[in-house]
Amino acid sequence: MRKPELAAAIAERADLSKDKASQVLNVILDEITGSVSDGKDVSLIGFGTFTVRERAARTGKNPQTGESLTIPASKTVAFKPGKGLKDAVAK
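In what follows, the accompanying structure is described. (Residues numbered from 1 in each chain as written. Predicted model: local features only at pLDDT ≥ 70, side-chain atom pairs only at ≥ 80, totals over all residues. Heavy atoms only, no water.)

Turning our attention to the overall build of the protein chain. When helices and strands are counted, the protein chain shows three helices and five strands. In terms of overall size, the protein chain is more extended than a compact globule, its C-alpha atoms giving a radius of gyration of 19 Å where 91 residues would be expected to give roughly 12 Å. The C-alpha extent of the protein chain, read off along each of the three principal axes, is 60 × 30 × 25 Å. In the protein chain, which comprises 91 residues, the share counted as buried stands at 14%. A separation threshold of at least 6 residues defines the contact pool for the protein chain, and within that pool the share at least 24 residues apart is 29%. (Helix = DSSP H or I, 4+ residues; strand = E, 2+ residues; numbered from the N terminus. Rg over C-alpha atoms; globule rule 2.2 N^0.38 Å. Buried < 20%, exposed > 50% of the residue type's maximum accessible area, 1.4 Å probe, protein only. Contact = heavy atoms within 4.5 Å.)

Laid out in structure tokens, this is it:
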């Protein structure tokens, strides 16, 4: 399912116009993005939690030359599914 399909499903289930549902979806995604980029966890009970994880610096290898190189430390987004989502997928 892509974003327009999700907005259409929200519109149908919540009795909203497709434009209004798309606006609501964009606001939700903007808030999640903003909170996670500020280093805050976003927990949606029953669905899951978005967190920021730190990756340590490490040594890698250039696949073309075989030369060793250092990959710098970075941050990434992680998602841990909640019990409700896990149960729904397991059915």
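Picking up where we left off.
Moving on to the packing of aromatic side chains. Given two aromatic rings, one states the distance between the centres and the angle between the planes to describe the pair. Following the criterion strictly, the structure yields two aromatic pairs and no others. When the centroid spacing of 5.5 Å and the interplanar angle of 55 degrees are considered together, the rings of Phe47 and Phe79 count as tilted. Linking Phe47 in the loop between strand S1 (42-44) and strand S2 (48-55) with Phe79 in strand S5 (residues 74-81), this pair joins segments that are 32 residues apart in sequence. Consider the rings of Phe50 and Phe79, whose centres lie 4.8 Å apart with planes at 50 degrees: the pair is tilted. Of this pair, Phe50 sits in strand S2 while Phe79 is found in strand S5, placing the two residues 29 residues apart along the sequence. By way of ring pairs, the aromatic residues Phe47, Phe50 and Phe79 are connected into one cluster. (Phe/Tyr/Trp six-rings, centres within 6.5 Å; stacked < 30°, edge-to-face > 60°.)

Right, let's talk about the sheet that holds S1 for a bit. Read across the open sheet, the three strands follow the order S1-S2-S5; overall the sheet is antiparallel. A strand with exactly one partner marks an edge of an open sheet, and here the two such strands are S1 and S5. Each adjacent strand pair in this sheet contributes to an overall mean axis angle of 25 degrees, direction not counted. Two elements, S2 and S5, share eight bridges in a ladder whose sense is antiparallel. Residue pairing for S5: Thr51 is matched across the bridge by Ala78. (Pairing = 2+ DSSP bridges. Axes fitted to C-alpha atoms, helices over the stretch in contact; angles between N-to-C directions.)

Further remarks concern the environment of Thr59. Mapped onto the elements of the fold, Thr59 is located in strand S3 (residues 58-61). As a C-alpha pair, Thr59 and Thr70 span 11 residues in sequence and 4.5 Å in three-dimensional space. If we skip the residues at most four places from it in the chain, Thr59 touches Ser68 and Leu69.

Here we come to helix H2 (residues 18-37). Its 20 residues give H2 an end-to-end C-alpha distance of 28 Å, which sits within 8% of 28 Å, the value for a rise of 1.5 Å per residue. Of all the residues in H2, the buried ones are Ala21, Leu25, Ile32 and Val36. Taken end-on, H2 shows its buried residues confined to a sector of 35 degrees, consistent with a single buried face. More than 90 degrees from the buried face of H2, the exposed residues found are Asp19, Asp30, Glu31 and Ser37. Of the surrounding secondary structure, the elements contacted by the buried residues of H2 are helix H1 (3-14), S1, S2 and S5. The positive-phi residue at the C-terminal boundary of H2 is Gly39, with phi of around 90 degrees. (Expected span 1.5 Å × (residues − 1). Arc of directions from axis to C-beta.)

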